[in-house]
Every structure is written in structure tokens, then in C-alpha cells.
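# Residue-level structural notes
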Amino acid sequence: MTSSTGSGDTDSPATALGPTALILGAFSAVGTWAFLIPWKVLAGALAVTFGTMGVHYARKGTGRLWPAAAGTTLGAIGLIGTITLIWSLA
């Protein structure tokens, strides 16, 4: 066993934060059906959280910045839009 089993720069779970935030943010921004509102709020909050963590790790050199930033933006749009809709109905 001469090969090292240590982790490399790309072997971190932090590399998945940006793409995960992008998928959740897209679902949150696009999902507009009434029965999906609870899932939109959850997806938007998770997209903002994962995207912010992804931006943090991307600035340290692990992962990519653009999917994390795009996921954070889309998640915030979906979350704020849904909260505004619910608030206007109350």
C-alpha cells in the first residue's frame, strides 16, 4: 500500500454545496403551485443556507463560486416571493 488515502482538495463534501443550492434555488424560484408552497419555503431556506456555505468554501478554494451564488440568489428570490405572497393574503 504505497498510495495515500488522505483526502484531496476536491474530496470534500463542500464541493456539493453549490450545485445543491442551485437545484433547490431553482425549485424554489420556479415552483408556483399552491400545494407546493411549504416545499418552496423549505427549498428556498435550504438554498440560501447551502449557497452561503458554498460561497464561503469556494472563496477558500473548495468548490465553485458561480453555482453557490446563483443558488443563493434563486433561493432568496423564491423565499422572499413566497413570504410576500403569504403576507399579502394575511
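What counts and how
Residues numbered from 1 in each chain as written. Predicted model: local features only at pLDDT ≥ 70, side-chain atom pairs only at ≥ 80, totals over all residues. Heavy atoms only, no water. Helix = DSSP H or I, 4+ residues; strand = E, 2+ residues; numbered from the N terminus. Buried < 20%, exposed > 50% of the residue type's maximum accessible area, 1.4 Å probe, protein only. Contact = heavy atoms within 4.5 Å. Areas by Shrake-Rupley, 256 points an atom, 1.4 Å probe, with all protein chains shown as cover. Expected span 1.5 Å × (residues − 1).

So, about the overall build of the protein. A tally of helices and strands in the protein yields three helices and zero strands. Listed N to C, the secondary structure of the protein is α-α-α in terms of helices and strands. For the protein, with 90 residues in total, the buried portion stands at 27%. Sequence separation of 24 or more characterises 69% of the internal contacts of the protein that already satisfy a separation of 6 or more. For the protein, the accessible surface area stands at approximately 6,100 Å², while carbon and sulfur atoms represent 70% of it.

Right, let's talk about helix 2 (residues 37–59) for a bit. The end-to-end C-alpha distance of helix 2 is 33 Å, a good match for the 33 Å that 23 residues give at a rise of 1.5 Å each. Among the residues of helix 2, those classed as buried are Lys40, Ala43, Gly44, Ala47, Gly51, Gly54 and Ala58. After helix 2 finishes, the residue Gly61 shows a positive phi value of roughly 105°.

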